[in-house]
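Chain by chain, the residues run as shown.
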Amino acid sequence: MSAIKGAAAYKKKAGMLSLNEEVIPPVLVWRCIDDTVAIPLVEVQLDKITNLKATPATSEKMMLKIITNDPAATVPATPSSEVVFSFNSRATMEEIQRALQQVIARRKASLLAAESARELSLSGTPVPQADTKRSQSLGPQSGSDEETLATLTDPQKLLRNHQLQQKLLMSNKKLMATFKEVVMNSGLDPEEFWSTRINLLRSFAVQNNQKRGSYNVLSTIKPVASSDNEVNVSVTREKIHEIFNQYPIVRKAYDDCVPKISEGDFWSRFFSSKLFRKLRGEKINPYDRGDVMLDKYLYADADYDGEEEEVETSPSSKTHPTTSPSGSPVQKKHKSKNIDDIHINKIIDVMGNEEDNSQKLGNAPDITMRAGKNQDMLSIMKTMNRLSRRMLKSTGVDIEEEDPEKEEQENEEELELNDLRETHETEYNEINFKVNSNKHSDLIKNIPKDSSPLNPQEWYAEFLSELKGYFKVGIDLQEVYNSDEKKKGIREASHEIERLVRQNARQSSHGWHAIKFSASDASSLSSIQDQSVHNEDAEVDPSFLGLDPATIEQLRLTHSTSVEFLCHFWLGFNESATADKAKLVQLRKLYLSIKKCQDRVGATINNIEERFKNVKNEDGELVVAKARELMDPLSVSLDRAIQKYQLAMMPTSGNNA
Amino acid sequence: MDAIADRAFENVPSGNVLKEQDETPSLLTVILDLNPLQWRSLKADITLKDISKSLLVMLNSHLSLNSSNTVAVLSSNSYKSGAQWIYPKPLETDDTETAKQRSHAHLVNPTMYRGFRIINDSVLEEISSILDMEPDRFQDIGKRGKDDSKGKVKGTLVGALSMALTYINRVQNTNDSTSIKSRILIVSTSDDLTLPYISMMNCTFAAQKMKVSIDVCKLGTDSTFLQQACDSTNGVYMYINHPSGLIQYLTTALFIDPSLRPIMVLPTNTNIDFRASCFLTSKIIDIGFVCSVCLCILSIVPHDEKCPICHSQFDPKIVKTLKAKPRTLPLIRKKRKLDSGAGASEETDTSRAATPAK
C-alpha cells in the first residue's frame, strides 16, 4: 500500500509506474513491460521535481508531465528535462498526480524551512517548524507551582501577599470599588480590610494555583485545508511534548526517523499518515494513502510504553518484531505494565469467566468479543482506553497499592453476616428541661390601660353580666351587614385589603418570586440557578423603587463603606476589654471614622435632594423620601455605635471631644 | 367591586395545579379569644356578640363551599376554663337534662338551612355556657380550689392552638380516602405579654411541619409573636382597622383556601418584627446571648453562670470576657494653634487608659 502503482506509457511504450517512498530521496520509477525496448527504466527523483502538469479533466488524453530541476538526474538524460507519461485510466493518473503533489508540497515546505533556518540560525533563534503558529501553552501554569496547600492558605502569608491582593481586586469590580472608597478615600487600614476577607483571598489563591490537567492533544490538532493543495496544521513545542508524553509510539518513530529526514518533514508526514488518524481514534480509510514510513508503526505494539529492553536476537523469541527503517536486526522486547499481561490460568480466572458468560446478552457474545467483525470500532475503543489509562497514570494521583492482606481482610468483612448481630443503640445526651415558660403569661396583670374607670372591680361585675346575657337571646345573623354603619365599614375594609394586596404584589414582583414564576416550566429551573449564580454580580435593577442607577450607586457606595467601618469597629469594640494599646488607638480611629460616615450619609442625602429639586415636585420629593428611607437603618446603626462608644468613654474622661 | 389592578395571582408554571386541588375538602379551625377584660376595652369598637355573628356567617360560608368541608371551634383565654372545645363537642357523660335543654334553644333563625343551624346553635350555646362559668366578681378571678396563683391567670391561647393542631393531626390521619387540608384562624384580642414565647414557637414549628397555615385576625394591639407565626406558616396576619366591616375581613382576606395559597398574593402584613423574647426575663430583644447546648436565648448572662433551661455550666473564662466592659481611649482634643502643633496632642493617654477591666 505504500507504493503507488499504475499503468502508464512512456514514449508510447506500455509499462508500470510506481512511486517508491521508502528510498530516500523518494523516487518515481517507470519500468517497461516490454523488455526488448531500449529504455527499460526511467527514474525520476522526486526531490528534484519542480513542476507537474496534467491534462485537464475534460480532455480525452490523459497525460502527466513531470519537469525536473536537474537534468542529470533522469536516466536517460533528456534535453528538455521533462518526462511525459500517458495513462489509460484517469483514476490512476489522478492518484499518481495527487501523490506527486503531496511530495512536492512537502519538499517545498521543507525547503522554505531550511531557508528560514539558514537565515535564523545566524541570529541564534530556534527554528520554527514548517507550519507552526505560536499558540497558547498547554502545560501547567507557570508561577508558584511548588506551593503546597498549607502555605497557600496561611492567613499571615495571605495578608502579606500584596500581589495576590492586587490580582483579586482586578478581577472583582465591586471589591475594587469598596476598597478604593474605604481604604484610599476614607483611610481604613488595608490590613484591617483584608483581615475580614481572608476567605476571599484564600479561595482566590487556591483557584489561581490550579493547573489544568492533561488532555488528549491530538484532538486539538485540526488540519486546516488551505490553497495550493496544502494542509496546514499548527503545533507548538508544548503540544509536541505532550504528544510524546501521551503516545510513546510517536516518540519512538521520531527517534528512529528524524536523523534521516528533517523534523519538518517528519511532522508533515506524521500528520498525513494513517498513524495519526488511528491515534486520534478515527476510522482508517483503507484507500487513504497514508505515509510509508510512519505507517509501519501502525502495526507496532500499541501498548508500547516507551521502555525497551534489548534482547539477544533469536528467531524463536516471542517478541514483536519491528523493522525500523535502518533495518537493524536487534529485536526489542517491549515491557508493558498492563494488567492484562499478568497471566491467569483460565480455570481459576473467576473474573474472566464471569465476564465470559454468553447468556448475559442473548446467545451472541458481546460486541467486543466477536471475532473478525467490528475491527475498526474495536481499534478505536482500544486506542481511547489506552490513552485514558495513560493519562490517568500521568496525573500522578496516588492510587494506593493494594495491600493483599488488607484486601483480604476487607473481603472477609464483606462476607460476614451482620444481620444477626446486636444493633448499637445510639446514645443521646439527655438535657433536662425545666419548663417555666408559662410563668410570664399573665392575663390579669396585663390589663389594658385604656379601660376606664381604672379600677376594674367596679365595672367588672356589670360587664360580665352583660357578657353572659349576650347569648341568651336569639341573634339575627343578617345584622352583620345590614346597617349603614356596617356597610361603610365593609367598604373601607375591602379597600384596605385591596391596598395590601396591591402592595404585596408590587413587592413580590421585585423579589425572587417573580423570576421563579415568570418563566415556563422548562426554563424556570435554569433561571433560578442563573439568579443564584449571578447574585453577586447582578446589576441593580434600574427600576428599583423608582430611583435611577446613579443615585442607587451613590447610596450603595456610602452604605457599603459605612458597613465596612461598622464591622471593624464592632470587632475592635467587643475585644477592647483585653486589647492592648495599639488596638485601642485603632479603635478610636475607627470611632472617628464612624462619625465621618454619619456625616457622609447626611451629605449624600442632601446631594440627592439638591439634584432632585429641579424635578417636578412630587417625583423629586418621592425620590428623596425613598432615599432617606433606604438610609434610615444605616443611620440607626451608626448612631448606636457612637452611643455605645460614648457610653464606654464616660467614666474615664470628664471631658468629651 | 372594582377590579384589582395589580395582579392578585402569580403566574403558575403550567395548568396542572388547579385540577388536582379543586375538590379537596378543607377544615377550618377557629380559636376565639374570650378574655373578658380585653373585650371590655374594645367595647367601643366591637362586642363579642358582633364577632360571634360574623364568625358564624364565616363558618356557614366555609361549609357551603364544599360538601365535605368541616369546621372546628375552640375558645381560649377564659378565666375559669382556659382552652375549651366549642365545636365539635367532645362526647361527655352529659346530663340528659342539660342536653334536652340545649336542644331546645333556638338562638338563630329557625328557618335556616338545617346543616348550618345545628352548628350555629351548638356554638352559641357552648360559648354561653363557658361565659356562665366565669367568675362574677373581680376578686374571684384566679381562685381555684388551691390558692397557689393569687390573682394570676395563665394565657391559654397556645394551649388552644396545640389542641387544634392535635385535632387536625387526627383528622388528617383518619381520613385515608380523602386528603383534607386544614387551616387555623386565631381571633385574638390580647397582646404579646400573655403569650409564652417558647410554647408559641413550638406550636408554630409544628404547624409549619404539618403544612397548616395560621391566620390571625387581630383586634386590640399588634402582636409580634403572632406575626411571626403567620409568616412562617404562610398565613395572613390581619390587623383590623375597621371593626364594623369585620365580616369583609373574615370572608375575603382570612378566607383563603389552603389550595389557593401558593397562587394568590396574600394580603398579609409584611413588616414583621422578628425579634425574640429572652427566656429569662421575657423582654423582647434583638441582640443577646445564646446557649450553645439548648439554643435558648438570653438577654443577660445568668448570675449562676448556668443555662436556665438545660442547666449546663458555662465556661467561666468566656463569661468573664462577655461580662467585661469595653475600654476606650479618650478622644484627643485638638488644641488650637496657640501652642505649637507638635506638642498639642501628646497628652496623658498612658495614665487614663488603665481602666480596670472587670
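Keep in mind that this is a model prediction, so the values were computed, not measured.

Cut-offs applied
- Residues numbered from 1 in each chain as written.
- Chains lettered and ligands numbered in written order.
- Predicted model: local features only at pLDDT ≥ 70, side-chain atom pairs only at ≥ 80, totals over all residues.
- Heavy atoms only, no water.
- Helix = DSSP H or I, 4+ residues; strand = E, 2+ residues; numbered from the N terminus.
- Buried < 20%, exposed > 50% of the residue type's maximum accessible area, 1.4 Å probe, protein only.
- Contact = heavy atoms within 4.5 Å.
- Areas by Shrake-Rupley, 256 points an atom, 1.4 Å probe, with all protein chains shown as cover.
- Polar contact = N/O pair within 3.5 Å; in protein donor to acceptor, adjacent residues only side chain to side chain.
- pLDDT = per-residue confidence, 0-100.
- Salt bridge = Lys/Arg side-chain N within 4 Å of Asp/Glu carboxyl O.
- Pairing = 2+ DSSP bridges.
- Axes fitted to C-alpha atoms, helices over the stretch in contact; angles between N-to-C directions.
- Parallel < 35°, antiparallel > 145°, perpendicular 65-115°, else oblique.
- Nonpolar A, V, L, I, M, F, W, Y, C, P; charged D, E, K, R; others polar.
- Patch = residues over 30% accessible without salt bridge, like charges linked within 9 Å, V, L, I, M, F, W, Y side chains within 5 Å.
- Lys, Arg positive; Asp, Glu negative; His and termini not counted.
- Charge placed at Lys NZ, Arg CZ, Asp CG, Glu CD.
- Core = buried A, V, L, I, M, F, W, Y, C linked by side-chain atoms within 4.5 Å.
- Phe/Tyr/Trp six-rings, centres within 6.5 Å; stacked < 30°, edge-to-face > 60°.
- Lys NZ or Arg CZ within 6 Å of the ring centre and 35° of its normal.
- Left-handed = near helix turned anticlockwise from the far one by under 90°.

Trainee: With reference to specific residues and values, describe the overall build of chain A.
Mentor: For chain A, the count of helices and strands is 21 helices and eleven strands. A burial count over chain A gives 33% of its 657 residues as buried. Taking the contacts inside chain A whose residues are at least 6 apart along the sequence as the reference set, 58% of them involve residues at least 24 apart. When the accessible area of chain A is evaluated, it comes to approximately 42500 Å², of which 53% is carbon and sulfur surface.

Trainee: Which residues make up the overall build of chain B, and what values go with them?
Mentor: Helix and strand counts for chain B stand at twelve helices and ten strands. Expressed as a percentage of the 358 residues in chain B, the buried residues total 49%. Of all intrachain contacts in chain B linking residues separated by at least 6 positions in sequence, the fraction that spans at least 24 positions is 64%. Here chain B has roughly 18000 Å² of accessible surface; of this, 54% comes from carbon and sulfur atoms.

Trainee: Would you mind going over the side chain of Ser182(B) in detail, with residue names and values included?
Mentor: Residue and element names in this part refer to chain B. Tracing the chain through its elements places Ser 182 in strand β4 (residues 181-188). Looking at Ser 182, the relative accessible area reads 2%, which means it is buried. Reaching out from Ser 182, the side chain makes a polar contact with the side chain of Gln 172 at a distance of 3.3 Å. Ignoring sequence-local partners within four residues, the contact set of Ser 182 consists of Leu 27, Ile 168, Gln 172, Lys 211, Val 212, Ser 213 and Pro 258.

Trainee: Break down unusual backbone geometry for me, citing the residues and quoting the values.
Mentor: All names here are of chain B. Here the residue pair Tyr 87 and Pro 88 is connected by a cis peptide bond, since its omega of -10 degrees sits within 30 degrees of zero. Inspection of the secondary structure puts Pro 88 in the loop between β3 (82-87) and α4 (96-104). Despite not being glycine, Lys 211 has its phi angle at roughly 60 degrees, a positive value. If you trace the backbone, Lys 211 turns up in the loop between α7 (197-210) and β5 (213-218).

Trainee: Lay out the confidence of the model for chain B in plain terms, naming residues and giving numbers.
Mentor: Residues and elements named next belong to chain B. In this model, chain B carries an average pLDDT of 78, and 77% of its residues clear a pLDDT of 70 or more. Throughout residues 336-358 the model reports pLDDT below 50, and contacts reaching past four residues in sequence, or to other chains, amount to 19 contacts. Across the interface, the model reports ipTM at 0.74; the global pTM reads 0.58.

Trainee: Mind laying out the pattern of salt bridges, listing which residues take part and the relevant values?
Mentor: The tally for this structure, following the rule as stated, stands at eleven salt bridges over all chains. The closest approach of N and O atoms between Arg502(A) and Glu498(A), which form a salt bridge, is 3.5 Å. With Arg502(A) and Glu498(A) both in helix α16 (residues 484-510) and four residues apart, the pair spans about one turn of that helix. Note that Glu609(A) is salt-bridged to Arg628(A), the shortest N-O span being 3.2 Å. Taken together, the residues span a long stretch of sequence, with Glu609(A) in helix α20 (residues 581-611) and Arg628(A) in helix α21 (residues 617-649) at a distance of 19 residues. Under the relative-accessibility criterion, Glu609(A) is labelled partly exposed at 30%. Overall, the relative accessible area of 42% leaves Arg628(A) in the partly exposed class. Where salt bridges share partners, they join Arg183(B), Asp215(B) and Arg261(B) into one cluster.

Trainee: An account of the sheet that holds β4(B) is needed here, citing residue identities and associated values.
Mentor: Residues and elements named next belong to chain B. With respect to topology, six strands assemble into an open sheet ordered β3-β2-β1-β4-β5-β6, the strand pairing being mixed. Because the sheet does not close on itself, it has two edges, and the strands there are β3 and β6 (237-239). In this sheet, adjacent strand axes meet at a mean angle of 15 degrees when their direction is disregarded. Two strands pair when backbone bridges link them, and β4 and β5 are joined in this way by six bridges, in the parallel orientation. Among the inter-strand pairings, Ile 184 is bridged to a residue of β5, identified as Ile 214.

Trainee: I'd like a description of the confidence of the model for chain A, backed by residues and values.
Mentor: Residue and element names in this part refer to chain A. Per-residue confidence for chain A gives a mean pLDDT of 70; residues scoring 70 or more make up 63%. Predicted confidence for residues 71-80 stays below pLDDT 50, and this span has 13 contacts to residues more than four positions away or in other chains. In the predicted structure, residues 120-146 sits below a pLDDT of 50 and forms 31 contacts with residues beyond four places in sequence or in another chain.

Trainee: I'd love a proper account of the packing of helix α8 (residues 237-246) of chain A against helix α9 (residues 248-257) of chain A, names of residues and values included.
Mentor: All names here are of chain A. At a minimum axis distance of 5 Å, the contact between α8 and α9 shows a crossing angle of 110 degrees. In terms of orientation, α8 and α9 fall into the roughly perpendicular class. Counting all contacts with α8, which are made through Ile 243, Phe 244, Asn 245 and Gln 246, the residues of α9 involved are Pro 248, Val 250, Arg 251 and Tyr 254. Counted by class, the contact of α8 with α9 contains five nonpolar, two polar and one charged residues.

Trainee: Explain the side chain of Arg197(A) to me, using residue names and the numbers behind them.
Mentor: The residue Arg197(A) is located in the loop between α6 (190-195) and α7 (198-209) in this model. Ignoring anything within four residues of it in the chain, the contact list for Arg197(A) reads Leu175(A) and Glu564(A).

Trainee: Lay out helix α8 (residues 224-232) of chain B in plain terms, naming residues and giving numbers.
Mentor: Residue and element names in this part refer to chain B. Burial analysis of α8 places seven of its nine residues in the buried class, which makes it a mostly covered element. Turning to α8, its buried residues number three or more, namely Thr 224, Phe 225, Leu 226, Gln 227, Gln 228, Ala 229 and Cys 230. By the N-cap criterion, in which a side-chain oxygen at the helix start approaches the backbone nitrogen of a residue two or three places on, α8 is capped by Ser 223, the distance to Leu 226 being 3.2 Å.

Trainee: Before we move on, can you summarise the environment of Leu387(A) with the specific residues and values?
Mentor: Mapped onto the secondary structure, Leu387(A) falls in helix α13 (residues 375-394). Beyond its immediate stretch of four places on either side in the chain, Leu387(A) contacts Asn216(A), Gln246(A) and Tyr247(A).

Trainee: Describe a negative patch on the surface, with residues and values.
Mentor: Residue and element names in this part refer to chain A. Taken together, the side chains of Asp 403, Glu 405, Glu 407, Glu 408, Glu 410, Glu 412, Glu 413 and Glu 414 define an acidic patch exposed on the protein surface. You can see Glu 412 is positioned in helix α14 (residues 404-415). With a relative accessible area of 49%, Glu 412 lands in the partly exposed category.

Trainee: Summarise the nonpolar core; cite the residues concerned and give the values.
Mentor: Inside soluble globular proteins, nonpolar side chains tend to come together where they are buried. The biggest cluster of nonpolar side chains holds 61 residues, and the ones touching the most others in it are Leu48(B), Ile51(B), Leu185(B), Val187(B) and Met238(B). Apart from residues no more than four positions distant in its own chain, Ile51(B) is found in contact with Leu32(B), Trp39(B), Ile46(B), Val187(B), Leu219(B) and Leu246(B).

Trainee: Please set out the packing of aromatic side chains residue by residue, giving values where relevant.
Mentor: The tally for this structure, following the rule as stated, stands at 15 aromatic pairs over all chains. Ring geometry for Phe179(A) versus Trp194(A): centroids 5.9 Å apart, planes at 40 degrees, classification tilted. Here Phe179(A) is found in helix α5 (residues 173-185), whereas its partner Trp194(A) is found in helix α6, with 15 residues between them in sequence. Of the two residues, Phe179(A) and Trp194(A), both sit in the buried class. Centre to centre, the rings of Phe569(A) and Tyr645(A) are 5.9 Å apart; their planes meet at 55 degrees, and the pair counts as tilted. Here the residue Phe569(A) occupies a position in helix α19 (residues 549-574), and Tyr645(A) occupies one in helix α21, the gap between them amounting to 76 residues. Three or more aromatic residues joined by ring pairs make a cluster, and in this case those are Phe569(A), Trp570(A), Phe573(A), Tyr591(A) and Tyr645(A). The ring of Phe193(A) carries Arg197(A) above its face, with NZ or CZ at 4.2 Å from the centroid. One residue, Arg183(B), lies across the ring of Phe255(B), its end atom 5.7 Å from the ring centre.

Trainee: Pulling in residues and values, what's your account of the environment of Ile243(A)?
Mentor: Residues and elements named next belong to chain A. Following the sequence through the fold, Ile 243 ends up in helix α8. We classify Ile 243 as buried; its relative accessible area is 0%. Measuring from C-alpha to C-alpha, the distance between Ile 243 and Asn 216 comes to 8.4 Å, with 27 residues separating the pair along the chain. Not counting residues within four places of it along the chain, the set of residues in contact with Ile 243 comprises Val 217, Leu 218, Ile 221 and Val 250.

Trainee: For the packing of α5(A) against α19(A), give the residues involved together with the corresponding values.
Mentor: Residues and elements named next belong to chain A. Relative orientation of the contacting elements α5 and α19 amounts to 70 degrees, with a least axis distance of 10 Å. Overall, the two elements α5 and α19 adopt an arrangement that is roughly perpendicular. Considering the relative orientation of α5 and α19, their crossing is right-handed. Across from Lys 174, Ala 177, Thr 178, Glu 181 and Val 182 in α5, the residues of α19 making contact are Arg 556, Leu 557, Ser 560, Thr 561, Glu 564 and Phe 565. Its residues assigned to classes, the contact of α5 with α19 shows four nonpolar, three polar and four charged.

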